[in-house]
Amino acid sequence: MHTQGHPPRVAVVIPCFRVTGQVLGVIDAIGPDVERIYCVDDACPDGSGDLVQSRATDPRVRVLRHDQNQGVGGATLTGYRQAIADGMDIVVKLDGDGQMDPALLPELVAPILRGEADYTKGNRFWDLRQIGRMPLLRRLGNLGLSFLAKVSSGYWDIFDPTNGYTALHVAVAERLPLDQVSRRYFFETDLLFRLGTVRAVVVDVPMDARYGDEKSNLKVSRVFGEFAFKHLRNAGKRLLYNYYLRDLPAASLELLAGVLLLGFALVFGGWHWWLSASTGQAAATGTVMVAVVTFVSGLQFVLAFLNHDIASVPRRALHRMLHRRRR
């Protein structure tokens, strides 16, 4: 639900880096519901900003420029800040390479307008018939990264976390630590982590995978290890903040007990297994039972914590309360 007296002011951010062959077509396909189009020239060596400046006739277009390349996240954040400064209500991030259909934009914005979400994102895995159109390496990489994103962000009901077709309510963007969000390819998943810290509602929107003659700068094989490390780091921050600093629910004790019991079982059981293997003497029944019981107990505590964590995914849109404060 839109609570202001004027129609929703929607802006689009298009990061521009080596997209001279597609960006003008993307701009032309953006519908009339959009009020501003920010094309961010991310120090593009092909002169994307100059191309848009000279050839785009749409009066909604504004070219923003970076002196140094900041990556897709840095370009998007520049657009976010401009949308905040211009008093926009919703800001959509749309790539300039033609992979994202501008016709889907109203569907991406609709859950936010209805008050059902603060942030929406595309999900190319929604329709199983369409997945085969995605390159195999990307498919496998997205599966692995999606699981890690669930752990690090706390949004267990979303998929395709690296999908860059997104919409964000500006009132929520104002509350995010934009200076701390990752600038490059980890941007989308790091943003999910930041959204989780403010308890924003995130919703997936089904979309088809579109791949033509464009070339992606993201190599899954190159970034998977980096992404995995950053996901684990964010997961640690999320658990510490949500379960031990901001609140202390019963799940906090379940997680602590589970980790301690599992750690003890692995160390104790591993040590006695090594002793048995090196001496050729079987471990005593009591020793085996101690390892087994502590392992099973620890596993049960961890599963109980996960049940609580999955059930606590944010459901109440944050921007409706923030809108009232802004007014």
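Residues numbered from 1 in each chain as written. Predicted model: local features only at pLDDT ≥ 70, side-chain atom pairs only at ≥ 80, totals over all residues. Heavy atoms only, no water.

**Student:** Even after reading the chapter, I still don't get the overall build of the protein chain, so can you show me in this structure?
**Tutor:** Along the protein chain, the regular secondary structure elements total 11 helices and 7 strands. Projecting the C-alpha coordinates of the protein chain onto the three principal axes gives extents of approximately 80 × 45 × 40 Å. Burial statistics for the protein chain: of 327 residues in total, 49% are counted as buried. If you take every contact in the protein chain between residues at least 6 apart in sequence, the share linking residues at least 24 apart comes to 79%. (Helix = DSSP H or I, 4+ residues; strand = E, 2+ residues; numbered from the N terminus. Buried < 20%, exposed > 50% of the residue type's maximum accessible area, 1.4 Å probe, protein only. Contact = heavy atoms within 4.5 Å.)

**Student:** What's the story with a nonpolar patch on the surface in this structure? I'm lost.
**Tutor:** A surface patch of nonpolar side chains, amounting to about 710 Å² of accessible area, comprises Leu 240, Tyr 241, Tyr 244, Leu 245, Leu 248, Leu 256 and Leu 260. Looking at the nonpolar patch, the elements with two or more residues in it are α8 (220-245) and α9 (250-279). Within the element layout of this structure, Leu 256 appears in helix α9. (Patch = residues over 30% accessible without salt bridge, like charges linked within 9 Å, V, L, I, M, F, W, Y side chains within 5 Å. Areas by Shrake-Rupley, 256 points an atom, 1.4 Å probe, with all protein chains shown as cover. Salt bridge = Lys/Arg side-chain N within 4 Å of Asp/Glu carboxyl O.)

**Student:** Help me understand helix α4 (residues 105-113), please; the structure alone is not making it clear to me.
**Tutor:** Since one α-helical turn is 3.6 residues long, residues separated by three or four positions face the same way. Within α4 the residues assigned to the buried category are Leu 105, Leu 108, Val 109, Pro 111 and Ile 112. Down the axis of α4, the buried set is contained in an arc of 150 degrees. They therefore lie on one face. Of the residues one or two after α4, Gly 115 is the one with positive phi, at around 80 degrees. (Arc of directions from axis to C-beta.)

**Student:** Mind showing me how you'd approach unusual backbone geometry here?
**Tutor:** Negative phi values dominate among residues other than glycine, just as trans dominates among peptide bonds. With a phi angle near 55 degrees, Arg 18 is a residue other than glycine that sits in the positive phi range. As for its position among the elements, Arg 18 is in the loop between β1 (10-16) and α1 (23-28). A positive phi is found at Ala 43, a non-glycine position, where the angle reads about 50 degrees. Within the secondary structure layout, Ala 43 lies in the loop between β2 (34-41) and α2 (48-55).

**Student:** Could you clarify how one ought to interpret the packing of aromatic side chains in this entry?
**Tutor:** What characterises a pair of aromatic rings is the spacing of the ring centres plus the angle enclosed by the ring planes. One pass over the structure, following the stated rule, counts 6 aromatic pairs. Their ring planes at 55 degrees and their centres at 6.4 Å tell us that Tyr 80 and Phe 187 sit as a pair that is tilted. With Tyr 80 in helix α3 (residues 71-85) and Phe 187 in helix α7 (residues 187-197), this pair connects stretches of sequence that are 107 residues apart. When sorted by exposure, Tyr 80 lands in the same class as Phe 187, which is buried. Taking the centre distance of 5.0 Å and the plane angle of 65 degrees together, the rings of Tyr 243 and Phe 305 count as edge-to-face. (Phe/Tyr/Trp six-rings, centres within 6.5 Å; stacked < 30°, edge-to-face > 60°.)

**Student:** Quick question: what am I supposed to make of the sheet that holds strand β4 (residues 90-93) here?
**Tutor:** Hydrogen bonds between backbone groups are what pair the strands of a sheet, and the pairing can be parallel or antiparallel. Strand order across the open sheet formed by 7 strands is β3-β2-β1-β4-β6-β5-β7, with mixed pairing between neighbours. Strand pairing shows two members of the sheet lacking a second neighbour, β3 (61-65) and β7 (202-206), which therefore form its edges. Across the sheet, the mean angle from the axis of one strand to that of its neighbour is 20 degrees, orientation sign disregarded. Sitting on the sheet, α7 is in contact with β4, β5 (119-123), β6 (166-169) and β7, with an inclination near 145 degrees to β5. (Pairing = 2+ DSSP bridges. Axes fitted to C-alpha atoms, helices over the stretch in contact; angles between N-to-C directions.)

**Student:** Even after reading the chapter, I still don't get the pairing of β3, so can you show me in this structure?
**Tutor:** Within a regular strand, side chains alternate between the sheet's two faces. Examined bridge by bridge, β2 and β3 share 5 bridges and lie parallel to one another. Across the sheet, Asp 41 pairs through a bridge with Arg 65, a residue of β3. Between the parallel pair β2 and β3, the chain is carried across by α2, and the sense of this crossover is right-handed. (Right-handed = clockwise from strand over helix to strand, strands pointing away.)

**Student:** Would you mind showing me how to read the side chain of His 231 here?
**Tutor:** Along the chain, the position of His 231 falls in helix α8. For His 231, a relative accessible area of 2% corresponds to the buried category. Of the polar contacts made by the side chain of His 231, one reaches the side chain of Ser 152; its length is 2.8 Å. Once you skip the residues sitting within four places of it in the chain, His 231 turns out to touch Leu 145, Leu 148, Ala 149, Ser 152, Phe 186 and Thr 189. (Polar contact = N/O pair within 3.5 Å; in protein donor to acceptor, adjacent residues only side chain to side chain.)

**Student:** Teacher, can you tell me more about helix α10 (residues 285-311) here?
**Tutor:** Taking 1.5 Å per residue, 27 residues should reach 39 Å; α10 reaches 39 Å between its end C-alpha atoms and fits that length. If you check which residues of α10 are buried, you get Thr 287, Ala 291, Thr 294, Gly 298, Val 302, Phe 305 and Asp 309. (Expected span 1.5 Å × (residues − 1).)

**Student:** Where do I start with the side chain of Asp 190 in this structure?
**Tutor:** Residue position: Asp 190 is located in helix α7. Its relative accessible area of 1% is what places Asp 190 among the buried residues. If we ignore the near neighbours within four places in the chain, the residues touching Asp 190 are Gln 180, Val 181, Ser 182 and Asn 234.

**Student:** How do you make sense of the environment of Arg 36 when you look at a structure like this?
**Tutor:** On the secondary structure map, Arg 36 appears in strand β2. A relative accessible area of 27% means that Arg 36 is categorised as partly exposed. Here the alpha-carbon distance between Arg 36 and Asp 86, two residues 50 residues apart in the chain, equals 9.2 Å. Setting aside its immediate chain neighbours within four residues, Arg 36 contacts Arg 9, Val 10, Ala 11, Val 12, Arg 60, Asp 86 and Met 88.

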